[in-house]
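Understanding the architecture of this molecule
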Amino acid sequence: MSTTIHTTSQALPVEPEAGKRKLSTAKAIQEAIAQQMRTDDSVFVMGEDVGPYGGIFSSTTGLIEEFGPTRIIDTPISETAFIGTGIGAAVEGMRPIVELMFVDFFGVCMDQIYNHMAKIHYESGGNVQVPMVLMTATGGGYSDGAQHSQSLWGTFAHLPGMKVVVPSSPYDAKGLMTAAIRSNDPVVFMFHKGVMGLGWMKKNKRSIGAVPEEPYEVPIGKARVAREGTDVTIVTLSLSVHHSLDVAEKLEKEGISVEVIDLRSLVPLDRDAIVASVSKTGRLIVVDEDYQSFGVSGEVIASVAERQPELLKHVARVCVPDVPLPYASQLEYAVLPTPARIEAAVREAVAS
Amino acid sequence: MTLYPELTDDKRREMLTTMVLIRTYEEAILREYHADKSPGFDIGAGLVPGEMHLSAGQEPVAAGLGLHLTKDDAMTASHRLHHVAIAKGVRLREMTAEIFGRETGLGRGRGGHMHLFDPETHFSCSGIVGEGLPPALGQAFAFQRRGTDRVAVAVAGEGAANQGAFHESLNLAALWKLPVVFVIEDNDWGISVPRAQSTSVTSNAVRGAAYGMPGIRVEENSVEGVYEAAGEAIARARAGEGPSLIEVHTLRLWGHFEGDAQGYRTDLEGVPGRDPLPTYKNTLTSLGLITDSDYAAMQSSASELVEDAIDFAKESPTPNPADALKYVFAEGALS
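From a predicted model like this one, the values you see are computed outputs, not experimental measurements.

Things to note about the overall build of chain B
- The number of helices and strands found in chain B is 9 helices and 9 strands.
- Taken against the 2.2 N^0.38 rule, which gives 20 Å for 335 residues, the C-alpha radius of gyration of chain B at 20 Å falls within 12% of a compact globule.
- Buried positions account for 56% of the 335 residues belonging to chain B.
- Of the contacts made within chain B by residues no fewer than 6 positions apart, 75% connect residues no fewer than 24 positions apart.
- Counting every atom, chain B has about 12,600 Å² of accessible surface; 52% of that belongs to carbon and sulfur.
- For chain B, the distance from the average position of its 29 positive side-chain charges to the average position of its 46 negative side-chain charges is 4 Å.

Structural notes on the interface of chain A and chain B
- The partner chain B presents 43 residues to the 51 residues of chain A that form the contact.
- For the pair chain A and chain B, the two sides together bury roughly 3,800 Å², of which 60% comes from carbon and sulfur.
- By the criterion of area lost to chain B, the three top residues of chain A are A:Glu92, A:Tyr122 and A:Glu123, representing 20% of everything that side buries.
- For the pair chain A and chain B, the interface holds 2 salt bridges.

Description of the nonpolar core
- Counting 80 residues, the largest nonpolar core has A:Ile83, A:Ile113, A:Phe156, A:Val164 and B:Phe182 as the members making the most contacts within it.
- For this core, the element with the highest residue contribution is helix H5 (residues 133-145) of chain B, accounting for 7 residues.
- Those residues in contact with B:Phe182 that lie beyond four places of it in its chain are B:Leu133, B:Leu137, B:Ala154, B:Ser169, B:Leu170, B:Ala173, B:Met213, B:Pro243, B:Ser244, B:Leu245 and B:Ile246.
- Counting 70 residues, the second-largest nonpolar core is a separate cluster that includes B:Ala28, B:Phe100, B:Val155 and B:Ala230.

Notes on the pairing of strand S4 (residues 95-102) of chain A
Residues and elements named next belong to chain A.
- Burial within S4 is extensive, with 8 of its 8 residues counted as buried.
- Two strands pair when backbone bridges link them, and strand S2 (residues 43-47) and S4 are joined in this way by 5 bridges, in the parallel orientation. Note that in S4 the partner of Met 46 across the bridge is Val 98.
- In the sheet, S4 pairs with strand S5 (residues 133-138) via 4 bridges, with the strands oriented parallel. Note on S5: the bridge partner recorded for Ile 97 is Val 133.

Overview of helix H4 (residues 92-99) of chain B
Residues and elements named next belong to chain B.
- Of all 8 residues in H4, 6 are buried; the element is thus mostly enclosed.
- Regarding H4, the residues found buried are Leu 92, Met 95, Thr 96, Ala 97, Glu 98 and Ile 99.
- On the buried face of H4, the contacting elements are helix H1 (9-35), helix H3 (82-88) and helix H9 (292-315).
- In the segment just after H4, Gly 101 is the residue with positive phi, at about 70°.

Parameters at a glance
Residues numbered from 1 in each chain as written. Chains lettered and ligands numbered in written order. Predicted model: local features only at pLDDT ≥ 70, side-chain atom pairs only at ≥ 80, totals over all residues. Heavy atoms only, no water. Helix = DSSP H or I, 4+ residues; strand = E, 2+ residues; numbered from the N terminus. Rg over C-alpha atoms; globule rule 2.2 N^0.38 Å. Buried < 20%, exposed > 50% of the residue type's maximum accessible area, 1.4 Å probe, protein only. Contact = heavy atoms within 4.5 Å. Areas by Shrake-Rupley, 256 points an atom, 1.4 Å probe, with all protein chains shown as cover. Lys, Arg positive; Asp, Glu negative; His and termini not counted. Charge placed at Lys NZ, Arg CZ, Asp CG, Glu CD. Buried area = accessible area lost by both parts, 1.4 Å probe. Salt bridge = Lys/Arg side-chain N within 4 Å of Asp/Glu carboxyl O. Core = buried A, V, L, I, M, F, W, Y, C linked by side-chain atoms within 4.5 Å. Pairing = 2+ DSSP bridges.

Set out below in structure tokens:
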């Protein structure tokens, strides 16, 4: 049966050149929210410490000064209640942006997410929409241990009814957040702490980048060729995009040409972009900071294997090897998809 | 039974009419449900497949509440919901078509009896114990933000009052003075477990105090008691004074689900004598408000409505299997 909807190629907004106004990813998200709140009074933000604190990872900094506590609403630590409140408000036509700090905490309120937010549209036969953004932080690399460092985007992508967006850059973060707020579907917006450009975390050089001032959408469901190449395709997302680009730049000097595909969203998944890249290179590496088994990496590989298996000369995965994220840095970096692991995988791919 | 002195005769007759409609509906669904499931009970077989939770015996809760609510108010309910859906004014034909899994149903056959959504009457329900409460907060939040006097009613069973969702919802609703009324239907049984074995207090109404909201328990499955308690709670919510908690001691006349032999029930012998329908009929008869022929007329017009809805459902097309992936998203997403 044919279910493809996002097949037409659509011009993407042009990313501005370096040298233009630059923002951190966190500021880009704040700007997207503020712009949509100014034009649509049904948009509001709700969550733990989103008010004067400004969001634990600065996703809502400064918003309360402009919009006040009736639209930037601090909640009690009652995730089931306030996520459900977002759902009910969305059903009645509001556009809530609900933040739940860490994706690791979603277990305490998972029913509201996967049985209610995600299913109401389907169960109602399309008669009830849930235009809601559920925003959260993901990822490790700063010794926060097993309950504060997971990525888990594969979990939400696995369960039907939620769009799942995972930006890697300030430009994408603003455009994807704008698209998410305007979407009539529930969107889970997952930002990695390491791409936010926070002053108190190890800075990635690409976590601050050029961002247009006017509102714009990056369409949900379109992958981006972050770097063109001919020898190996790396399909990845979020912070791992930056690690992959670093590796690609390094190996270019040795004459190894790496193409990097930034998925940007897992639901919808841009399978066409994945197949198109592998048809150029024949070698596929999936880099994913989520757990390896039953997740994104398997899905990406299956997308090629089901469509054009003859393309695949080499397949590899660089993921978290199905272990809780350890605390000690030496252990944590042994299991994260580090540039060193990615580089080793690329070298092995081109040698094959 | 205790009578509410301020009720008009018309409202008394209206509540009895609603109770009769609900009972007639549930008896008809029972008939259709079992019609083609034998010999050898097969839960997925027949015109009405799946689990079926009927609310015969709990009519007073619905009838007492429904009279205070308009189409614009919201209601979220549990997996045992037909009675409150009917009292809320959910479209009977479309609701029945959904229960029969038809394309004309409220959810075009995607939802089923535990997952009914009627945006026209702001009605929804959930198959997960307690989890229908939080979305009611959000509906109330939207009503409050828009400066309306609309309210949301969240209905759940007594088992739900031991869930985290219940406690979180009461706290948040009271904290934000949301126009919500929480209604707990205590039918004494959480499937097979008696309330005394699951709940640390004898009345969930006292739990309202823990969250700074009024709590009242209505005894005797009294429709007039529900009418009075709901009237006060809903007026309070409409006036911006925040949420209330009502617990009604009601009665599950039949099994938890159809096919439940109820071997665990220790109270079955006394159940028929507690049936609220003949009780209220006798009350109104003794007050001189209805005659036996009035009651027969109520039953026959209920029957007409119900059989029309069932005919509508049976005559409606089943969904096209090729459309099974439709409606996952408002905007296309599958690829």
